[in-house]
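Fold and contact review
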Amino acid sequence: MHDDIPLTLGRVARVLGERIRPAIHPVALPLEVQWHELPGEPIAPAEAMGLDYTDYSVGTAWGAAWGTTWFHLRGTVPAAWAGKRVEALVDLGFDKNMTGFQCEGLVHRADGSTVKAINPRNQWIPVADTAAGDEKVDYFIEAAANPVLLDYHPFLPTREGDIQTSSSRRLYTTARMDLAIFEPEVHELSLDLEVLLELQAELPAGPRRMRILQAMDNALDVLDLQRITETAPAARAELAGVLATRADESAHRISAVGHSHIDSAWLWPVRETIRKVARTSASMVEMLDDDEDFLYGMSSAQQYAWLKEHRPEVYVRVKKAVASGRFLPLGGMWVESDTVMPSGESMVRQFYYGQRFFREEFGITCAGVWLPDSFGYSPALPQLMKRAGFEWFFTQKISWNQQNTFPHHTFNWEGIDGSRVFSHFPSMDTYNSQLSGEEVARASRQFRESRHATGSIAPVGWGDGGGGTTREMTGKARRLADLEGSAKVKWEHPDEFFRRAKTELANPPVWVGELYLELHRATLTSQHRTKQGNRRTEQLLVEAELWAATAAVYSGFEYPHEEIDALWKQVLLHQFHDILPGTSIAWVHREVVVEYARISRAAEAIIAAAQGALVGAGETPIALNAAPFPRSGIRTGAGVPAAELAPAGDTVSATESEEGFVLSNGLVTIVISRRGLVTSAIENATGRETIAVGTEANLLQLHQDFPNKWDAWDVDRYYRNQVTDLRELDSITLSTDADGTARVVLERSFSASTVRQELTLSPGSRVLQIEQVTDWHETEKFLKVSFPLDIRAEHVIAETQFGHHKRVTHVNTSWEAAKFETSMHRFVLAEEPGFGAALVNDSIYGFDVTRDSTDSGVMTNVRLSLLRAPRFPDPETDQGLQTHRYGLVIGADIASATEAGALLNSAERTLTGAHGFDPLVTVEGAGIVLSSVKLAGDKSGDLVVRVYESLGRRATGTVNIHHPVASASAITLLEDDIEGDGGIAEHTNGTVKISLTAFEVRTLRFSLSR
Ligand SMILES: [Zn+2]
């Protein structure tokens, strides 16, 4: 027969777009509108609704960047509309090509209760399901004029990212504010056609596709374009047959969950996220009422806590929906944090505070970790998830890899300690699914485990102010539940998916080690002050807990539970995956730096008060040590009168000659050239040289750094092609401090910037320490400091949470080549049999390593990443004064690198008092490190002690409490009891014997005798 498929497709597309969709709301009347523009920050809805309002005509521009405008909409449903479903339609001036990232509104009734949000692709407000014909409409809309920062002109520098610099120009113009009839049958017809049109596009030539095409033609043949409402049922009847044929027995199963990925801060400040969460949550509880199969999932305890505090009327509705099992708390974390940079204790607290909130508020403990969007995943996570009681892990981000395609969708992920966690990446490759035919087909086609497993997860809904799941998506889900030619879609709790997937995949594939994201590598460096604030405050809070717990047990000091909890939660919020990575607007980072200063002051105050209680009133200088290694002979958690401390070692000899400066302390001898570059660093005992022959270490290198896109996020491989070595020197001087430390101070100028370095070698130390102050005024540059080490390292060892991981130094395969910028915590170590050297730091997370060939063989060049200067989204990123502290450890192994890194990050403290004191907790055993000493979160007064194995091998030792102990037990990271043998911890006079496997983290609870 003659056939013309394009003719049918063109016909359906045109009629659907031009006639059927507009006929969903066939009749409309304008509402009466008044408005009130708020000059500054948002105010409470009750207050805003009481303001004076003036008349507003639709089509008038509104909303300067970041401003809030309240609209008051009033009207009466006409008598002629009796029996119809009536809605209000509000278009604030949306760009429908963008799903979010722009203006939004939250609709309130006059009594202050919330209705739902309006978003670019969700502009309706319910008025009456079946109108009586005289309903009064009285709605207030809190409209937020959030500027578009990414979509129109991606990655161009903009001043709109901070209310202090944004323009006062009104950004949006309303397009309609109407009352309208909603025709359900026309709405359903449009979805019938859309689903079939999208499905047939994915089908092979064959009978199923041809039947769908014919059914669509038949439907349009009976549809009268001038009487669409009246003829829609007949058109739908023509489609009923092809919509009723059932899916294949072996069709892929999609476990859909309603979702809205709301970044806790990004191209908007935290205060706007609070409103975004309120808007989307209001819409989603409304949606749950409308569709009984629908389920909606939301992660991040912080987002629920915001609702509770700021939008209690929305929170009440959410809480009810959680109780009925429809609104699903996901992830068990405080926020969807970065997982590469936070410390081990920080990751524990993400889980601890997240799960504690969900338990206290909802009686729910989340079973899985939900992180669709963070930028790579630490190999320490599997153990931490397991020890926090999680059963599964979910992400999607690795599908963004530039080079390599990840080989699994459902698999076991094995961490540094050998723990495995059952994991899933959605094969749809998105966390903003709209259940299009193309997405559904892609999920089925790409799924890698189809030989054994039946399905994948799809998070469905628009994020970031898009408003979550729409009624079009739920309508599609209904049609795709069991439809021939399609994967089967079902709303389902992710827990159900994981339970089934686990039984299907008895022998899942295994991925070992970090989930490295082959993109966004510069997030380890951008916004240095934010990263420094994170490192400092997470360290300070661990110290505050140690001293407060010690003082509480020894001298009855009142442990400030609430204050410490609040400070931790603020630090955890800043670990959100667009804050700590440095990828938010200027406003966010400006506020974060202020907050870090506040947290530091508060933590220092706790430390000072607790230490004061420990040493008593007096005038004797007492030195204290919070680092998990002895410092100057002071044990961890102890205070010792400074006069009793043994001298650290001989004064450093420092000589100056034509060639430069020679510093030696008996352990190491260092030569610094007159240009301030390190040309030699020798371990005296062996005579072993650390610096590769003919090279110079401490060489600052400036690269042009202009990635193809994602400026604050990305550094592209070609950045290495353009480099300037900073050798020019303004001044250099040598001096010796009173304590015998030798000090070389140098200053350099380059382009618009200056840098000052102080290189010091202290008595008894193997570390050449460098304090650097940079006055940074560069554009699109990357500053590195290079240490070419005379070490032929097969891999480098970088610290991560509670341990380290090894990365090979060669680039034999595309997987290794892609890792041209990688992460560390406090140290990176290059080792060959018999000798190693480490670089330690107090606020750096990024580095790169190359195997460079010299006359004497292959050496290892380790370069720390210091500063960048991207101009999007913050045009002033990292400008101004920046400080770094780092050091070269000469002759290092894992143990000494771990120790040097820990000591560099823990401040030395001396205060005056009456007496010293012994530590409350001591730990014995090679490689066992004390991570945390705190009082239990249940306020029982019990002591919680966390230790880990740091060397990557089995270890035995003891944890000793220097106070009478009533009982001891092993607990989870959530401070829960462990059932069975794992929970037993026999103690003898407060000493518990422990044996740990490689990198094992162990948490103990001690009930103390009073
Ligand atoms: Zn995100």
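Residues numbered from 1 in each chain as written. Predicted model: local features only at pLDDT ≥ 70, side-chain atom pairs only at ≥ 80, totals over all residues. Heavy atoms only, no water.

Quick look at the sheet that holds strand β26 (residues 660-664)
- As summarised here, the arrangement of the five strands in space is β25-β26-β27-β28-β29, forming an open sheet in which the pairing is antiparallel. Taken across any chain shown, the strands that pair with only one partner, and hence form the sheet edges, are β25 (653-656) and β29 (688-689).
- Direction of pairing for strand β28 (residues 678-683) relative to β29: antiparallel, over a ladder of two bridges. Following the sheet pairing, glutamate 683 is matched in β29 by arginine 688. (Pairing = 2+ DSSP bridges. Helix = DSSP H or I, 4+ residues; strand = E, 2+ residues; numbered from the N terminus.)

Quick word on the packing of helix α3 (residues 184-202) against helix α12 (residues 471-479)
- The geometry of α3 relative to α12 is characterised by a closest axis approach of 10 Å and an angle of 65° between their N-to-C directions. Our pair here, α3 against α12, has a crossing hand that is right-handed. From α3, His187, Glu188, Leu191, Asp192, Glu194, Val195 and Glu198 reach across to α12, where they touch Arg471, Glu472, Gly475, Lys476, Arg478 and Arg479.
- Partitioning the contact of α3 with α12 into residue classes produces two nonpolar, two polar and nine charged. (Axes fitted to C-alpha atoms, helices over the stretch in contact; angles between N-to-C directions. Left-handed = near helix turned anticlockwise from the far one by under 90°. Contact = heavy atoms within 4.5 Å. Nonpolar A, V, L, I, M, F, W, Y, C, P; charged D, E, K, R; others polar.)

Some words on the pairing of strand β8 (residues 114-118)
- By the criterion of burial, β8 is predominantly enclosed, with five of the five residues buried.
- Judged from the three bridges that link them, strand β7 (residues 104-109) and β8 form a sheet pairing that is antiparallel. Looking across to β8, one finds that glycine 105 is bridged to isoleucine 118.
- Joining the antiparallel neighbours β7 and β8 is a turn of four residues, in which glycine 112 adopts a positive phi near 95°. (Buried < 20%, exposed > 50% of the residue type's maximum accessible area, 1.4 Å probe, protein only.)

Describing the sheet that holds strand β47 (residues 928-935)
- Overall, antiparallel pairing links the four strands, which are arranged β47-β48-β53-β50 in an open sheet. Across the chains shown, the open sheet's two edge strands, defined by having one partner strand only, are β47 and β50 (965-971). Neighbouring strand axes in the sheet, compared pairwise and without regard to direction, differ in orientation by 20° on average.
- One ladder, built from seven bridges, connects β47 with strand β48 (residues 943-949); its direction is antiparallel. Note on β48: the bridge partner recorded for isoleucine 928 is glutamate 949.
- In this fold helix α9 (residues 344-362) packs onto β47 and β48, with an angle of close to 45° to the strand it touches most, β47.

Thoughts on the side chain of serine 300
- Tracing the backbone shows serine 300 in the loop between β14 (296-299) and α7 (301-310).
- A distance of 3.1 Å separates the side chain of serine 300 from the side chain of serine 299, its partner in a polar contact. (Polar contact = N/O pair within 3.5 Å; in protein donor to acceptor, adjacent residues only side chain to side chain.)

Some details on helix α11 (residues 437-446)
- Residues Gly437, Glu439, Val440, Ala441, Arg442 and Ala443 constitute the buried set of α11.
- As for α11, its buried residues are in contact with α3, β13 (253-258), β20 (455-460) and β21 (488-491).

Overview of the coordination of the zinc ion
- Only His261 (NE2), Asp263 (OD), Asp373 (OD) and His577 (NE2) from the protein reach the zinc ion as donors, at distances of 1.9 to 2.1 Å.
- Classification of the site at the zinc ion rests on its four donor atoms, whose angles at the metal span 90 to 156°, yielding the label irregular.
- When the donor residues of the zinc ion are listed from N- to C-terminus, their spacing reads H-x1-D-x109-D-x203-H. Highlighted residues: aspartate 263 in the loop between β13 and α6 (270-290) and histidine 577 in the loop between α15 (561-574) and α16 (586-615), separated in sequence by 314 residues.
- Of the residues examined, aspartate 263 reaches a relative accessible area of 2% and is grouped as buried.
- We classify histidine 577 as buried; its relative accessible area is 0%. (Donors = N, O, S within 2.8 Å, 3.2 Å for Na, K, Ca; no water. Tetrahedral: all angles 85-135°; square planar, octahedral: opposite > 155°, others 65-115°.)

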